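Letter by letter, the chains look like this.
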Amino acid sequence: MAGMNDTPSGERIHIGFFGRRNAGKSSVVNAVTGQENSIVSDTKGTTTDPVYKAMELLPLGPVMIIDTPGLDDEGELGALRVQKAKQVMRKTNIAIVVVDGTQGITEVETKLIEELTQLQIPYIIVWNKCDLCSDASSMDLLKLCKNNPFDKTGVKDKNPLLLVSAMEKIGIEELKKPRSAFRKPREL
C-alpha cells in the first residue's frame, strides 16, 4: 500500500497561494500546513522563489501547497519573481487569492482573478488579517461577501470569500474544508 509520501509531485493536486507582497501568503501557508515552511517578515519581497510543501488535505488527498512571490513586485529582480509566480499559476489546480484585509482588493487582485477565470482555475479569496480590520472595512467586506464582484457565474459558493487571520488562526480550518468548486479541480 502506497503512503502519502509515495505520491509523486505530478500526481498531487497543486494548490497555489497568490497575491501582493506582504498580504500574508506565507503566514497563511504556514497556518494551513501547521509548519513554518515559509519565511515570514514585514519586509516586502521576502518570498523570492516558490516554496513547495507536500501534504495530505482530506478529502482531497495528497496535495502540493505552493507559496509564491508577490505579484506586485517591482524592478528587474521583481519582474523575475512575478514571472516565477505566473509559472506556478500555470501548473495550479486550485488557487488561493490572499488579500491584505487592511488594504482591501486592488488592481493586482482584480487582474489575478481575471487571469484565474480565463485559465478556468477555481479559487478562493482569503481576506487575511481580518483581526486587524476596522469596523468600516468589515462592513465593506460583508457587502463584498454578499455581492462578490468576481463571481461571474452567479453561483455564490463557486468562488467563496473567507475571513482569515493567519496570526490568530481564525478561519484556517474553514479554509481547509473542501468546496464544491474543488470537487473536480482543473486538470493540468
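**Section: the sheet that holds strand E1 (residues 13–19)**
Where strands meet in a sheet, backbone hydrogen bonds hold them as pairs that are either parallel or antiparallel. As summarised here, the arrangement of the six strands in space is E2-E3-E1-E4-E5-E6, forming an open sheet in which the pairing is mixed. Since the sheet does not close on itself, it has two edges, and those belong to strand E2 (51–57) and strand E6 (161–163), each with one partner. Averaged over all adjacent pairs, the angle separating strand axes in this sheet is 25°, with direction ignored. Where strand E5 (residues 123–128) meets E6, three bridges bridge the pair, whose relative direction is parallel.

**What to know about the nonpolar core**
Counting 22 residues, the largest nonpolar core has Ile15, Phe17, Val28, Val63, Ile65, Ile96 and Leu175 as the members making the most contacts within it. Counting only elements with at least two residues in this core, the list comes to E1, helix H1 (25–33), E2, strand E3 (61–67), strand E4 (94–100), E5 and helix H5 (172–176). Per-element tally for this core: the top contributor is H1, with four residues. Setting aside residues up to four positions removed in sequence, Ile15 forms contacts with Leu57, Leu60, Val63, Met64, Ile65, Ile66, Ile94 and Ile96. Ala85, Ala95, Ile113 and Leu116 belong to the second-largest nonpolar core, a separate cluster that totals 20 residues.

**Let's talk about the pairing of E2**
Note: E2 against E3, seven bridges, orientation antiparallel. If you follow Leu57 over to E3, its bridge partner there is Gly61. The loop that links E2 with its antiparallel partner E3 comprises three residues.

**A few points about the side chain of Thr92**
Residue placement: Thr92 occurs in the loop between helix H2 (75–90) and E4. Only 2.7 Å separates the side chain of Thr92 from the backbone oxygen of Val88, close enough to count as a polar contact.

**Concerning H2**
Along its 16 residues, H2 runs 23 Å from first to last C-alpha, staying within 8% of the 22 Å computed at 1.5 Å per residue. Within the span of H2, buried status applies to Gly78, Arg81, Val82, Ala85, Val88 and Met89. Mapping the buried residues of H2 onto a view down its axis gives an arc of 110°, with all of them on the same face. Exposed residues lying more than 90 degrees from the buried face of H2 are Glu76, Leu77 and Arg90. Considering only its buried residues, H2 is in contact with E1, E2, E3 and helix H3 (107–118).

**Topic: H3**
Because each turn of an α-helix spans 3.6 residues, side chains separated by three or four positions end up pointing in the same direction. In this model H3 runs 16 Å from its N-terminal to its C-terminal C-alpha over 12 residues, within 8% of the 16 Å that 1.5 Å per residue would give. Here H3 has its buried residues at Glu109, Leu112, Ile113 and Leu116. Along the axis of H3, the buried positions cluster into a sector of 100°, meaning they face one direction only. Turned more than 90 degrees off the buried face of H3, the exposed positions are Glu107, Lys111 and Gln118. Its buried side turned inward, H3 meets E1, H2, E4 and E5. Phi for Gln120, located one or two positions after H3, is positive at around 60°.

**Things to note about unusual backbone geometry**
Its identity as a non-glycine residue notwithstanding, Gln120 has a phi of 60°, on the positive side. Tracing the sequence through the fold places Gln120 in the loop between H3 and E5. In the Ramachandran plot, Lys129 falls in the positive-phi region, its phi being about 65° despite a non-glycine side chain. Relative to the elements of secondary structure, Lys129 occurs in the loop between E5 and helix H4 (135–146).

**A short note on the environment of Leu175**
One can find Leu175 in helix H5. Take Leu175: its relative accessible area is 8%, and that puts it in the buried class. Sequence separation between Leu175 and Val126 is 49 residues; the distance between their C-alpha atoms is 8.1 Å.

Reading the values: the criteria
Residues numbered from 1 in each chain as written. Predicted model: local features only at pLDDT ≥ 70, side-chain atom pairs only at ≥ 80, totals over all residues. Heavy atoms only, no water. Pairing = 2+ DSSP bridges. Helix = DSSP H or I, 4+ residues; strand = E, 2+ residues; numbered from the N terminus. Axes fitted to C-alpha atoms, helices over the stretch in contact; angles between N-to-C directions. Core = buried A, V, L, I, M, F, W, Y, C linked by side-chain atoms within 4.5 Å. Buried < 20%, exposed > 50% of the residue type's maximum accessible area, 1.4 Å probe, protein only. Contact = heavy atoms within 4.5 Å. Polar contact = N/O pair within 3.5 Å; in protein donor to acceptor, adjacent residues only side chain to side chain. Expected span 1.5 Å × (residues − 1). Arc of directions from axis to C-beta.

Any functional reading would require information beyond the geometric quantities listed.
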